[in-house]
Amino acid sequence: MEQKIDNYIEEVIKINEIPGVALAVIKDGKIIYEKYFGKASLEENKAVDKNTAFKVFSTTKLITNVGIFQLIEKGKLSLEDPVSKYLDNLPNEWQGIKVKNLLSHSSGLPNIIMFPDIPITLPFDQKITILSQKPMEFVTGNEYNYNQTNYLFLTKIIEKITGQTFEDYILQNQFPSIKSGAYFSSNFGETVPNSAPRYNYSTETKKYIKNTSNFGLDAHSANGLNITLQNFILWNQNLDNDFYIKKETKYAMWEPFPFANKTDRFAYGWEIVPVNKILSYGFTGGNETAFRKFPDNKLTIIFLSNGHKYSGLYVQSQVINHVAAIIDKALTDDYYLAGEKINQDFLKLEITKAKQNYLDVKKSRPDWDFEYRLNVIGYTLMDYGRLKDGIEVLELNAIENPKSANAFDSLADGHFRNNQLEISKENYKKSLELKPDNSNAKEMLEKIEKALTKKS
């Protein structure tokens, strides 16, 4: 088993050109796998090891969720509490938003990171003043839409109730015995000893560069945790042993939220992922980290990395699903594994062979839907210097999904990038036929007409 995981992770690292990785598998309360691969620092040629603190990005939200449920368990907070109980000067439209809506991303609040007129340096009250003038995204409770405003509000609620900073509250209540290797910073350009930088791949230089984004102090609850694998393993052990919250509280945290649209599925801050019809709970961050628990199988998998070349392919989730299948055959999900192989084939094989492999899979399982995956692969290839191969994948997607407006919209975009304006025009028209309210297709058709007129 150990060698099988080693071989798999090494292949993932090679295909996706990942600088550094740390992986842990905890089964029946015991660490059965803990290994470190690659480089924590490319500039210093420093290897990943047990002291390497990784930025976990949005996987931080799991720690915030537990902090909220600790307050709930102590009777200091309720899921049904209106946000306005703790935050002042909220507009009337926000009065019906409750704590449960923040955790489940069902608030409908405008997403603060989408507005350049709300800089991170503004005081909280001023941020709210500007944000309150933005339109709601949907009726509260209706649907799921991932939103950073929710966690900004959870930060302020924690601070209002406890009288502590968010950072002090979390560290004291979830990492009390840890002296180093667990801290908060959403400033990715900050240099901290033993911390792995976040690397972004440059398609221009074909090299990794350090990400220096700074999301500010208010983002700590959403994306600010930096932690070593060993400290994350300890955190998981404490969660399993009901050290933070009682077992019944923990399972309440994993209950599906009752969205009004009755189609979305998400718990109270935790993603619910069925793997071969067995439910797992966790979250991912930055397309680089993932934490997932399979309670019925007494299995937890933690994957940490500091960058990968192809950011849109959800490598972190694929690793969790694949390693789970290696550990426990009951968690072998053929659909997920086939999807991962399709990704890998298009990245590493000649395009004709990769397409044939895909068609072979579809022939054996015509019921499997890979529309979204093919779309992402097509864009990935185009974005990383394989324009014609990317267009071929998008053409395949349109053939496979002839009633999909999005498939034709993407194909039109590919041809537009390749300066094939007439073909692009025809595909945008097809997309518009399938979806008459496709505003992007309308805008692009106008743009193409102007370009063609100039040419003539």
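Throughout this description, residue numbers start from 1 for each chain and increase along the sequence as written. A pLDDT threshold of at least 70 governs which residues receive local features in this predicted model, and a stricter bar of 80 or more applies before side-chain atom pairs are shown or counted, although totals over entire chains, interfaces and linings include all residues. With hydrogens and water set aside, each side-chain value is computed from the structure's full complement of heavy atoms.

## Description of the overall build of the protein
Alright, step 1. Numbered from the N terminus, helices here are DSSP runs of H or I no shorter than four residues, and strands are runs of E no shorter than two. Looking only at helices and strands, one finds 17 helices and 12 strands in the protein.
Alright, step 2. Oriented by its inertia axes, the alpha-carbon framework of the protein measures out at about 70 × 55 × 45 Å.
Alright, step 3. Only protein chains enter the accessibility calculation, which uses a 1.4 Å probe. A residue is then buried if its area is under 20% of the maximum for its type, exposed if over 50%, and partly exposed in between. Taking all 456 residues of the protein together, 54% fall into the buried category.
Alright, step 4. Note on definitions: a residue-residue contact is assigned when non-hydrogen atoms from the two residues lie within 4.5 Å. For the protein, contacts bridging at least 24 residues in sequence account for 66% of all contacts bridging at least 6.
Alright, step 5. Shrake-Rupley sampling with a 1.4 Å probe provides the accessible areas, and residues are treated as covered by the protein chains on show and by no other component. Summed over all atoms, the accessible surface of the protein reaches about 20,900 Å², with 49% contributed by carbon and sulfur.
Alright, step 6. A gap of 2 Å separates the mean positions of the 56 positive and 57 negative side-chain charges of the protein. In this tally, Lys and Arg are treated as positive and Asp and Glu as negative; His is ignored, and so are the chain termini. Where a charge sits is defined by one atom per residue type, namely NZ (Lys), CZ (Arg), CG (Asp) or CD (Glu).

## Comments concerning the pairing of strand β1 (residues 20-27)
Alright, step 1. Counted residue by residue, β1 has 8 buried out of 8 residues, so it is predominantly covered.
Alright, step 2. Going residue by residue along β1, you find Gly 20, Ala 22, Ala 24 and Ile 26 tucked away on one face and Val 21, Leu 23, Val 25 and Lys 27 tucked away on the opposite face as well.
Alright, step 3. Paired strands, in this sense, are two strands between which DSSP finds at least two bridges. With 8 bridges joining them, β1 and strand β2 (residues 30-41) adopt antiparallel strand pairing. The partner of Lys 27 across the bridge, within β2, is Lys 30.

## Some details on the side chain of Lys 127
Alright, step 1. With respect to the secondary-structure elements, Lys 127 resides in helix α4 (residues 124-131).
Alright, step 2. On the basis of relative accessible area, Lys 127 is assigned to the buried category, the value being 5%.
Alright, step 3. In this structure, Lys 127 is in contact with Ile 112, Ile 118, Pro 119, Ile 120, Leu 122 and Asp 218, ignoring residues within four places of it in sequence.

## Digging into the packing of aromatic side chains
By convention here, two paired aromatic rings are described through the distance between centres and the angle between planes.
Alright, step 1. Here a Phe, Tyr or Trp ring, Trp counted by its six-membered ring, pairs with any other such ring whose centre lies within 6.5 Å, and the pair is stacked when the planes are under 30 degrees apart, edge-to-face when over 60, and tilted otherwise. Enumeration over the complete set of coordinates arrives at 29 aromatic pairs.
Alright, step 2. Relative to Phe 283, the ring of Tyr 146 has its centre 5.8 Å away and its plane inclined at 50°; by these criteria the two rings are tilted. Remark: Phe 283 occurs in strand β10 (residues 278-285) and Tyr 146 occurs in the loop between α4 and α5 (148-162); sequence separation between them is 137 residues.
Alright, step 3. Residue classification places Tyr 146 among the partly exposed residues on the basis of a relative accessible area of 29%.
Alright, step 4. One aromatic cluster is present, built from ring pairs that chain together Phe 232, Trp 235, Phe 243, Tyr 244, Tyr 251, Trp 254, Trp 270, Tyr 281 and Phe 291.
Alright, step 5. For Arg 198, the ring lying beneath its charged end belongs to Phe 57, and the centroid distance is 4.3 Å. Throughout this description, the term charge over a ring refers to an Arg CZ or Lys NZ atom that lies within 6 Å of the ring centre and within 35 degrees of the ring normal.

## A closer look at the sheet that holds β2
Alright, step 1. In spatial order, the strands read β3-β2-β1-β12-β11-β10-β9; together these 7 strands make up an open sheet with antiparallel pairing. Each having just a single partner strand, β3 (46-47) and β9 (271-275) make up the two edges of the open sheet.

## A short note on helix α6 (residues 166-174)
Alright, step 1. Every buried residue of α6 is listed here: Phe 166, Glu 167, Tyr 169, Ile 170 and Gln 174. Viewed along the axis of α6, the buried residues span an arc of 165°, placing them on a single side of the element.
Alright, step 2. For α6, the elements touching its buried residues are α2 (60-73), α5, β5 (182-184), α7 (220-223) and α8 (229-240). The arc in question is formed by the directions pointing from the helix axis toward the C-beta atoms.

## Some remarks on the sheet that holds strand β4 (residues 53-55)
Alright, step 1. A sheet is described by the order of its strands in space; here 3 strands give the open sequence β4-β8-β5, paired in antiparallel fashion. This sheet does not close on itself; its edge strands, each paired only once, are β4 and β5. Between one strand axis and the next, the sheet turns by 25° as a mean value, whatever way the strands run.
Alright, step 2. In the sheet, β4 pairs with strand β8 (residues 225-228) via 3 bridges, with the strands oriented antiparallel. Note that in β8 the partner of Phe 54 across the bridge is Ile 227. Helix axes use the C-alpha atoms of the stretch in contact, all axes being lines fitted to C-alpha atoms, and the angles between their N-to-C directions lie in the range 0 to 180 degrees.

## Regarding the pattern of salt bridges
Pairing of side chains with opposite charge becomes possible as their charged atoms draw close.
Alright, step 1. For this document, the term salt bridge refers to a Lys or Arg side-chain nitrogen within 4 Å of an Asp or Glu carboxyl oxygen. A complete count under the given rule lists 23 salt bridges for this structure.
Alright, step 2. Notably, a salt bridge pairs Lys 35 with Glu 2, separated by 2.8 Å at the nearest N-O pair. Of the two residues, Lys 35 sits in strand β2 while Glu 2 sits in helix α1 (residues 2-16), which places them 33 residues apart along the sequence.
Alright, step 3. Taking the shortest distance from any N to any O, the salt bridge between Lys 210 and Glu 43 comes out at 4.0 Å. Here Lys 210, found in strand β7 (residues 207-210), pairs with Glu 43, found in the loop between β2 and β3; they are 167 residues apart in sequence, far enough to count as distant.
Alright, step 4. One network of salt bridges, in which partners are shared, links Lys 127, Lys 156, Glu 159 and Asp 218.

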